[in-house]
Amino acid sequence: MGHIRLGRLPHRLKWNAVVALLGETPADGAAIARATTEAAERHLISLRDDPALNYCFWLLTRVTWAARSDGFLTELDALGLTLEADTPTLGFIAAVTDRVRTQAMQDPKSGATAEMASLALRRALTETVGQQGPSLFGTALSDLRAAFRTYSTREHFAQLAQRFFGDFLARTLCSYVDKEIPNLVGASPGLRTVGDSREAIEAIDRHARETAFILRDFAGGWYSKHQWESQGAITEGDTRAFVAYALRKMRSELKRG
Amino acid sequence: MKGHVFACEGLSIPSEWSRVPHRHSLDAHNEGKTVTDFRLELPGPVLGNLSPRMRDLVRIASYCFLADESASRGGEADVYLKDWRRQMLMAIPVSDPDFWNASDVSLALRETLNFLTEDGWDFRFEKLVESGTVQMRLVETDAGLHGQPGCVVLFSGGADSLCAALSAHQQDRNPFLVSHRASKAAIGHRRDLLTEVRRRFARQGFRTADAVVSLKGADAKENTQRTRSMLYASLGTAVGIALGIDDIRLADNGIVSVNLPFTDQAIGARASRSTHPKFLLLFRRLAGLVAEADVSVWNPLWNQTRPETFDLLKPLAALDLVSLTHSCAHPRGRARMQPHCGTCSQCIDRRFGTMEAGIEEYDPAEAYEVDIFTQPLLDGEPRTMATSYFRHALRMYDLTEDQMINEYPQLDECLDPSSKTVAEDGLELVRMHQRHAKGVISVMASQIAGHADELARGLLPATCLVSLCAGAEKELEIDRGRRKGLVHGENYESIVFRGKSYALTPVQRPVMRLLNEAWERRDPPMSWGVIRDRTESLSRSMSDMFGKSPLWKRLIVEAGARGVYTLDLP
């Protein structure tokens, strides 16, 4: 028990270019992210229709809006998150995890994207609460609500969107390149030690998160407009267009390096 | 996502699934179809009380296991994991189809399997006709029960299940052991281990039930076996209910149970969830519906690292039994004296764990085909597993408790949102991982120190773990900051240790300075050769220099390996 299934990158021209960069200039996160985006472009384009990714972003917008309401618990209940007033923050996050998994089960074609979108959502939630100061282990739903209330403005929601898409993008890119990074350790000039491999993966992760900065202006404006028009009842149809835009924008930014 | 239909025990494929491209028959008797070996060997008292519904649970779990082995999850170069998830459509005969087709039961079954495997599962249950074509053979063994068992322990023959079984024995729970045999490779060593356990602790105790569920005469198309723990848990529950026991223990140490991905490519169930807390939670819900009673299927080691689980063996003086346990993921074709490949995730975790626990004598390097620390790690699984395992520990080592949750959202999936202790449970898991990271790094540091001379002289292979990790010493030094060590005189003519002042001889002073400064910088422990070279000492050994001092073995101690020294400071 405790098994891990590993994979490798295929021997194709564009993936070979990624492997070469990893071995030669592993600290150049921008160059590796650019080459990876080019190699995986068709797949990255297909993510615009992914229902699980869209659901996770939609849930993030709805939780943020719900935090403005006096009936926070009722609003969460309507989203399928049935909780008590004294539920700790970690209980809330665990409930979100269950909710997303139940949703993803209905459309299993999302595959690995569903898992990465779910992780990105949960990290966006815990980081947002953590930004307010108190430990995640000592906070309850009221703290979470206070944190998200702060983020339900145009400027702050823009940060939240960056956090979510940046994390999703970082996980996606790292899941590809980490199929080869460990194999290059000790076998290439740029990756002499395990410490070097750690720096390489962190450089790509950092670059992906920074790339999502490009979404801020649009995300803030989009949120403000749609929340005002729908009075908080943003639909999954509304977010679908935003997700497609966000992915396209990040992809072109990555390719610019 | 590829669809697979499995028609079991001669059932025909339901019409709504007739267009699914991959169709399989799981049937022992019809020539030309997939042949299975499927039998339960149970003591009479268990067999006599095995209810039809519990037989159904075992039958369903067994067919899911056989189906899991029969359908490929794609190859190594499936970069987007398109073939990893499968749609598994199962037509199975059961004694009570109405019960199993009921929406709440079906949903619980599908959710449990979906979490465990990430596959989509759907079922059609039809009435089982008891006839000569029934595959699941129930074989009554002549072993009695030797008293009323107090718990069931799922026993794989690995180190964790040994700890769980002996811990239950020490609690006077008279554990009843349940095993699954998927291959002959596991039979011999498990029998040897059980024989020794019985000889020492209870000649008539540790009664067993065995299940043989495997594809016969055909190699599996898929060897990930994500459904194996469903089979294990189902067998345990069936046996437990038959014996009137509701304490079913499915043990893995907490690190393996949570199985955080130590490489970024291990998404979802690519890192197995065999005893994951969420799986156990989902399975308990299913088992509760089947048994119409609460069934406690739990992991007694859920919050312990591997070295901590070995503490359970100490009161019974059973640490040496670790040498009879096997953990390797690739057991086939291994020599009896070298049962571990050394490079799979289980072997690596076991190796670090036994070294951290200081029980290397019962788990020596010779038992591993590859000694990851000093032998070349080949491209592919060996190097990926070993370097990623250490990199993961490095990453966790620097994280605060809150950062752990941010960096590893997978941890929150281990929590029951409705539990009153959800925050405490989360903290417990985080701290366990922090202890694990610290332990892994201390073992690696000892190995680097212990091989410092060979490293310096370039005698180690470039791709052994010691060579690949040696550069991380610098990283640790930067990240971990400086500690405050001993209170000492200007030239170390005296030091204060545990509130008492000790005078040092001129020969001892440079060595104490070296060790104290290394401890303050969090450098790894040092071998005698390194200490001698750096202090230009003329002494023959550390014991030669400090052996008669009250500080020997109190302040100056060996760290994880013989001849490697550090200071024992808080």
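Computed from a prediction, not measured in an experiment: that's the story for all the values here.

Conventions adopted
Residues numbered from 1 in each chain as written. Chains lettered and ligands numbered in written order. Predicted model: local features only at pLDDT ≥ 70, side-chain atom pairs only at ≥ 80, totals over all residues. Helix = DSSP H or I, 4+ residues; strand = E, 2+ residues; numbered from the N terminus. Rg over C-alpha atoms; globule rule 2.2 N^0.38 Å. Buried ≥ 20, exposed ≤ 12 C-beta atoms within 10 Å, placed from the backbone. Contact = placed C-beta atoms within 7 Å. Axes fitted to C-alpha atoms, helices over the stretch in contact; angles between N-to-C directions. Left-handed = near helix turned anticlockwise from the far one by under 90°. Nonpolar A, V, L, I, M, F, W, Y, C, P; charged D, E, K, R; others polar. pLDDT = per-residue confidence, 0-100. Pairing = 2+ DSSP bridges. Parallel < 35°, antiparallel > 145°, perpendicular 65-115°, else oblique. Core = buried A, V, L, I, M, F, W, Y, C linked by C-beta atoms within 7 Å. Expected span 1.5 Å × (residues − 1). Arc of directions from axis to C-beta.

Student: So what exactly am I meant to see when it comes to the overall build of chain B here?
Tutor: Within chain B one finds 20 helices and 17 strands. Against the 2.2 N^0.38 benchmark of 25 Å for 570 residues, chain B shows a C-alpha radius of gyration of 27 Å, consistent with a compact globule. Dimensions of chain B, computed from C-alpha atoms along their principal axes, come out at roughly 90 × 55 × 50 Å. Sorting the 570 residues of chain B into buried and exposed places 51% on the buried side. Once local pairs closer than 6 in sequence are excluded, the contacts in chain B between residues at least 24 apart make up 73%.

Student: Where do I start with the overall build of chain A in this structure?
Tutor: Helix and strand content of chain A: 13 helices and 0 strands. For chain A, the succession of helices and strands along the chain, N to C, is α-α-α-α-α-α-α-α-α-α-α-α-α. On the principal axes, the C-alpha backbone points of chain A span a range of 60 × 40 × 35 Å. Looking at chain A as a whole, 57% of its 257 residues are labelled buried.

Student: Which parts of the structure should I look at to understand the packing of helix 9 (residues 154-177) of chain A against helix 11 (residues 194-211) of chain A?
Tutor: Residues and elements named next belong to chain A. As a packed pair, helix 9 and helix 11 sit with axes 8 Å apart at the nearest point and diverge in direction by 150°. When the axes of helix 9 and helix 11 are compared, the crossing they make is right-handed. Of helix 11, the residues touching helix 9 (which contributes Gly166, Asp167, Leu169, Ala170, Leu173, Cys174 and Val177) are Ile201, Ile204, Asp205, Ala208, Arg209 and Thr211. Considering only residue class, the contact of helix 9 with helix 11 consists of 8 nonpolar, 2 polar and 3 charged.

Student: How do you make sense of the confidence of the model for chain A when you look at a structure like this?
Tutor: In regions of low pLDDT, the predicted coordinates are not meant to be interpreted in detail. On average, residues of chain A score 93 in pLDDT, and 99% of them reach the 70 mark or higher. In the model of chain A, helix 12 (residues 216-230) of chain A stands out as the element of lowest mean pLDDT, 89, in contrast to helix 2 (residues 29-39) of chain A, which has the highest, 97.

Student: Looking at this structure, I do not really get the confidence of the model for chain B. What am I missing?
Tutor: All names here are of chain B. When pLDDT is averaged across chain B, the result is 90; 94% of the residues are at 70 or more. Note on residues 473-480: pLDDT is under 50 here. Beyond four places in sequence and across chains, it has 9 contacts. Complex prediction metrics read pTM 0.86 and ipTM 0.95.

Student: Where do I start with the sheet that holds strand 13 (residues 494-497) of chain B in this structure?
Tutor: Adjacent strands of a sheet form backbone hydrogen bonds with each other and so pair up, either parallel or antiparallel. All names here are of chain B. Spatially, 3 strands are ordered 12-13-14 in an open sheet, and the strand pairing comes out antiparallel. At either margin of the open sheet sits one strand with a lone partner, and together these are strand 12 (487-488) and strand 14 (500-503). Strand direction decides the pairing type here: strand 12 and strand 13, joined by 2 bridges, are antiparallel. When the bridges of strand 13 are listed, Val487 appears paired with Val496.

Student: I tried to follow the environment of His146 of chain B on my own but got confused; where do I start?
Tutor: Along the chain, the position of His146 of chain B falls in the loop between strand 6 (137-141) and strand 7 (151-154). Distance from His146 of chain B to Asn174 of chain B, taken between C-alpha atoms, is 8.8 Å for residues 28 residues apart in sequence.

Student: I keep staring at the packing of helix 2 of chain A against helix 11 of chain A and nothing clicks. Help me out?
Tutor: Two packed helices can be described by the angle between their axes and the distance between those axes. Residue and element names in this part refer to chain A. One way to put it is that helix 2 packs onto helix 11 with a least axis distance of 8 Å and a crossing angle of 75°. Taken together, the axis directions place helix 2 and helix 11 in an arrangement best described as roughly perpendicular. Residue-level contacts link Gly29, Ala30, Ile32 and Ala33 of helix 2 to Ala203, Ile204, Arg206, His207 and Ala208 of helix 11. For the contact of helix 2 with helix 11, the class distribution of residues is 6 nonpolar, 2 polar and 1 charged.

Student: What is the right way to look at the sheet that holds strand 2 (residues 22-26) of chain B in this model?
Tutor: Residue and element names in this part refer to chain B. Across the sheet, which stays open at both edges, the 4 strands sit in the order 2-1-4-5 with parallel pairing between neighbours. The two strands at the open ends of the sheet, each matched to only one other strand, are strand 2 and strand 5 (120-127). The sheet shows a mean angle of 20° between the axes of neighbouring strands, taken without regard to direction. Relative to strand 4 (residues 86-94), helix 2 (residues 52-70) is tilted by about 145°, and along the sheet it contacts strand 1 (2-8), strand 2 and strand 4.

Student: Is there a simple way to think about the interface of chain A and chain B in this case?
Tutor: Frequently, the measure chosen for interface size is the accessible area that the parts lose on association. Each partner contributes residues to the interface: chain A has 53 residues there, and chain B has 68 residues. Breaking the side of chain A that touches chain B down by element, the ones donating at least two residues are helix 6 (89-106), helix 7 (112-130), helix 9, helix 10 (181-184) and helix 11 of chain A. Tallied by class, residues from the side of chain A that touches chain B come to 24 nonpolar, 16 polar and 13 charged.

Student: Help me understand the pairing of strand 1 of chain B in this model?
Tutor: For a regular strand, side chains alternate in direction, first toward one face of the sheet and then toward the other. Residues and elements named next belong to chain B. Across the 7 residues that make up strand 1, a large majority, 5, are buried. Of the strand pairs in this sheet, strand 1 and strand 4 are connected by 6 bridges, and their pairing is parallel. By the bridge assignment, Ala7 is partnered in strand 4 with Ala91.

Student: Any chance you could explain the environment of Ala67 of chain B here in plain terms?
Tutor: Residues and elements named next belong to chain B. Looking at the element boundaries, Ala67 is found in helix 2. The class for Ala67 is buried, based on 25 C-beta atoms found within 10 Å. With 258 residues separating them along the chain, Ala67 and Thr325 place their C-alpha atoms 29 Å apart. Excluding its chain neighbours within four sequence positions, the residues that come into contact with Ala67 are His4, Phe6, Leu26, Met88 and Met90.

Student: Before we go on, may I ask you to explain unusual backbone geometry in this structure?
Tutor: Trans is the common state for peptide bonds, and a negative phi is the common state for residues other than glycine. Residue and element names in this part refer to chain B. Non-glycine residue Phe206 carries a positive phi angle of around 50°. As for its position among the elements, Phe206 is in the loop between helix 6 (187-201) and strand 9 (208-215). Residue classification places Phe206 among the buried residues on the basis of 23 C-beta atoms within 10 Å. With phi around 70°, Lys553 is a residue other than glycine that occupies positive phi space. Relative to the helices and strands, Lys553 is located in the loop between helix 20 (542-546) and strand 16 (556-558). When the 13 C-beta atoms within 10 Å are taken as the criterion, Lys553 is described as partly exposed.

Student: Any chance you could explain the nonpolar core here in plain terms?
Tutor: When a protein is soluble and globular, its nonpolar side chains tend to lie buried together. By size, the foremost hydrophobic cluster in this structure holds 161 residues, and its most contacted members are Val18, Cys56, Leu121 and Phe164 of chain A together with Phe390 and Leu465 of chain B. With sequence-adjacent residues up to four places away left out, Leu465 of chain B is seen in contact with Ile372, Phe373, Leu377, Ala386 and Phe390 of chain B. If you look at the next biggest cluster of nonpolar residues, it comprises 91 residues, including Leu26, Ala91, Leu177 and Ala269 of chain B.

Student: Can you help me understand the environment of Arg273 of chain B in this one?
Tutor: You can see Arg273 of chain B is positioned in the loop between helix 8 (254-258) and helix 9 (277-291). Not counting chain neighbours up to four residues away, the residues in contact with Arg273 of chain B comprise Phe115, Leu116, Asn259 and Phe279 of chain B.

Student: How should I be thinking about helix 2 of chain B in this particular structure?
Tutor: Helical geometry: 3.6 residues make up each α-helical turn, so side chains three or four residues apart lie on a common side. For helix 2 of chain B, built from 19 residues, the straight-helix expectation of 27 Å at 1.5 Å per residue is met to within 8% by its first-to-last C-alpha distance of 27 Å. The element helix 2 of chain B is largely enclosed, with a buried count of 16 among its 19 residues.

Student: Mind showing me how you'd approach helix 1 (residues 13-24) of chain A here?
Tutor: Residue and element names in this part refer to chain A. The end-to-end C-alpha separation of helix 1 is 17 Å, in line with the 16 Å expected for 12 residues at 1.5 Å each. Of the positions making up helix 1, those classed as buried are Trp15, Val18, Val19, Leu21 and Leu22. The buried residues of helix 1 occupy an angular sector of 160° when the element is viewed end-on, so they sit on one face. Summarising the contacts, the buried residues of helix 1 are in contact with helix 2, helix 9, helix 10 and helix 11.

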